[in-house]
Each structure stands twice: as structure tokens, then as C-alpha cells.
Amino acid sequence: MRRTSFDTWPCSIARTADILGDAWTLLVLREVFYGESRFDGFIGTLGIARNTLTDRLRRLESEGLLERRAYQTDPVRHEYLLTDKGRDFFGVLAAINAWGDRWLAGDEGAPVVLHHTSCDHDTQARVVCSSCGEPLHHRDLTARTGPGYPPRLLDDPAVRERFAPGRTLGDAGSRTSP
């Protein structure tokens, strides 16, 4: 069965989900950040099927998050290294990790702790406003269409309601029932 593609949707979350596809992709990226770069290493650390890993690595390479480089010529073997685009994805993984630590860690605590070497403290990701530095909470945000939103969709009543001025994120209360 062919999966639905979200690569043309007017939503950065949908487009990103289209690249990620599934949990294996996130776990492959996690392993690259942990220092793994070789096919057999991914197999060993993740227990992922070879065909699944091949698909995920090809997708990450074609999307520009990983670069494949030969490290051996006889036989030819490749390693997978982060590109600038791939390195920029770290904040997403750190935010997912922080959410998991808060809601899924259990009584025993976080399974992995991130340590910030610059200040020598353990840390967790925080999503903050790029202008004032305050933490972002959905209740303090509104969304509006940006320059990349398709003009043909702007007359749709559901779109106008979704992006109505003053409507905070997560505010489902203003929607009327069918």
C-alpha cells in the first residue's frame, strides 16, 4: 500500500512528517547523533531489518539530512554523516527527548541525560521565543498564514476559522459542533 505524501501540504509539520515517515527514521537520526555512522552499526544498535534501514538511509540522504561517503574501497562500504540540514534537526530530537522524559520516563527517571559541556550542567531542551527568550506555550500563541500559504485556500471558511485573529493555539472551544 502506497502511503500518502504530505510534501506539498501548506504546513511545515506535515512536510517534516513526510520526510520522517516513521519512528525508525527518528531512531536512525538519534544513532547518528550518538556517533554511529555505519550500516552494520545501525543494525547492531537498533535491531532494524536491513531493507528497512536501507530505505530510511536512502530517504535521509535524498532529503539532504545525511551524506553517504565511502570509507572502504574493497569491498566498497559507506558511512552516513550529518549534513548541516541534519545537524539542524538536533533541536527537534532534543525536544522529543524532553517531552518523553516528562511524560514517559516513569519512576526510575530519564533513560538518557543530556549534558551541556559549555556550562557543565545537565539540561533539557526548551522551546523559547526567538525574540524575547520566554518559553513558548500554546495558550500564548496565535497562528496566521505566511507568505508560502497557497492563496487559493484563503477563501475556505475552515482556513479563515483556523487562522482567525486572536484565536490561540489549542483553542477548540470556538468551533461549533456539526
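Every chain is numbered on its own, with residues counted from 1 as its sequence reads. The predicted nature of this model means local features are confined to residues of pLDDT at least 70 and side-chain atom pairs, given and counted, to a pLDDT of 80 or more, with totals for whole chains, interfaces and linings taken over all residues. No hydrogens and no water enter the side-chain calculation; it runs on all heavy atoms of the structure.

Under an unreviewed UniProt entry, the name given to the protein is Helix-turn-helix transcriptional regulator, and the organism recorded is Streptomyces koelreuteriae.

Turning our attention to the overall build of the protein. Helix and strand definitions here come from DSSP, where helices need a minimum of 4 consecutive H or I residues and strands a minimum of 2 consecutive E residues; each element is numbered from the N-terminal end. What the protein contains, in helices and strands, is seven helices and four strands. Scanning the protein from its N terminus toward the C terminus, one meets helices and strands in the order α-α-α-α-β-β-α-α-β-β-α. Since a compact globule built from 178 residues should have a radius of gyration of about 16 Å, the 20 Å found for the protein marks it as more spread out than a globular shape. Over its C-alpha atoms, taken along the principal directions, the protein stretches across nearly 65 × 40 × 30 Å. Accessible area is worked out with a 1.4 Å probe on protein chains only. A residue is then buried under 20% of its type maximum, exposed over 50%, and partly exposed in between. Relative to its 178 residues, the protein shows a buried fraction of 21%. Contact definition: two residues touch when any of their heavy atoms are within 4.5 Å. The contacts of the protein with a sequence gap of at least 6 include a subset with a gap of at least 24, amounting to 40%. Working note: accessible area of the protein is about 13100 Å², and carbon and sulfur atoms make up 52% of it. When charges are counted, neither His nor the chain ends are considered; positive counts come from Lys and Arg and negative counts from Asp and Glu. By convention, the point assigned to a charge is CZ for Arg, NZ for Lys, CD for Glu and CG for Asp. Computed over 23 positive and 25 negative side-chain charges, the separation of the two mean positions in the protein equals 6 Å. Two things to know: the radius of gyration comes from C-alpha atoms, and the globule rule equals 2.2 Å times the number of residues to the power 0.38. Only the protein chains shown count as covering a residue, and every accessible area follows the Shrake-Rupley method with a 1.4 Å probe.

What follows is about the UniProt feature "domain: HTH hxlR-type" (unreviewed entry) in the protein. UniProt positions are given in the numbering used here, feature names are shortened, and annotations may be inferred rather than shown by experiment. The UniProt record marks residues 11–108 with the feature "domain: HTH hxlR-type" (unreviewed entry), using the residue numbering of this structure. The distance from the first to the last C-alpha atom of residues 11–108 is 37 Å, and the span holds 61% helix and 15% strand.

So, about the side chain of R56. Checked against the element boundaries, R56 lands in helix α4 (residues 50–62). The residues contacting R56, other than those within four sequence positions of it, are D22, W24, T25 and V28.

Attention now goes to helix α1 (residues 12–20). Buried residues of α1: A14, D18, I19 and L20, and no others. At its buried positions, α1 is contacted by α2 (23–33) and α4. Within two residues after α1, G21 carries a phi angle of roughly 70 degrees, on the positive side.

To define a nonpolar core, start from buried Ala, Val, Leu, Ile, Met, Phe, Trp, Tyr and Cys residues and group those joined through side-chain atoms within 4.5 Å. In terms of nonpolar packing, the biggest core is built from 18 residues, with V28, L29, F42, L53, L57 and L66 touching the most fellow members. Among residues more than four places away in sequence, those in contact with L57 are V28, F39, F42, L66 and Y80.

This part covers unusual backbone geometry. Cis geometry marks the peptide bond from D74 to P75, where omega comes out at 0 degrees. The residue P75 is located in the loop between β1 (66–73) and β2 (76–82) in this model.

Along a regular strand, successive side chains alternate from one face of the sheet to the other. The pairing criterion for strands is at least two bridges between them, as found by DSSP. Examined bridge by bridge, β1 and β2 share seven bridges and lie antiparallel to one another. Paired with R69 across the two strands is E79, which belongs to β2. Count of turn residues in the β1/β2 antiparallel hairpin: two residues.

This part covers the state of the cysteines. Count a disulfide wherever a pair of cysteine sulfur atoms falls within 2.5 Å. Taken as a whole and judged by the stated rule, the model has zero disulfides. The cysteine C129 is free of any disulfide, with C132 supplying the nearest cysteine sulfur at 3.9 Å. A relative accessible area of 24% means that C129 is categorised as partly exposed.

Convention adopted: a line fitted to C-alpha atoms gives each axis, helices being fitted over their contacting stretch, and angles between N-to-C directions are expressed from 0 to 180 degrees. Relative orientation of the contacting elements α2 and α4 amounts to 75 degrees, with a least axis distance of 10 Å. The angle between α2 and α4 falls in the class roughly perpendicular. Within the contact between the two elements, α2 uses W24, T25, V28 and L29 and α4 uses T52, L53, R56, L57 and L60. Residue polarity follows a fixed list, in which Ala, Val, Leu, Ile, Met, Phe, Trp, Tyr, Cys and Pro are nonpolar, Asp, Glu, Lys and Arg are charged, and the others, Gly among them, are polar. Considered class by class, the residues forming the contact of α2 with α4 number six nonpolar, two polar and one charged. Any angle that falls under 35 degrees is termed roughly parallel, while one over 145 is termed roughly antiparallel, one within 65 to 115 roughly perpendicular, and all others oblique.

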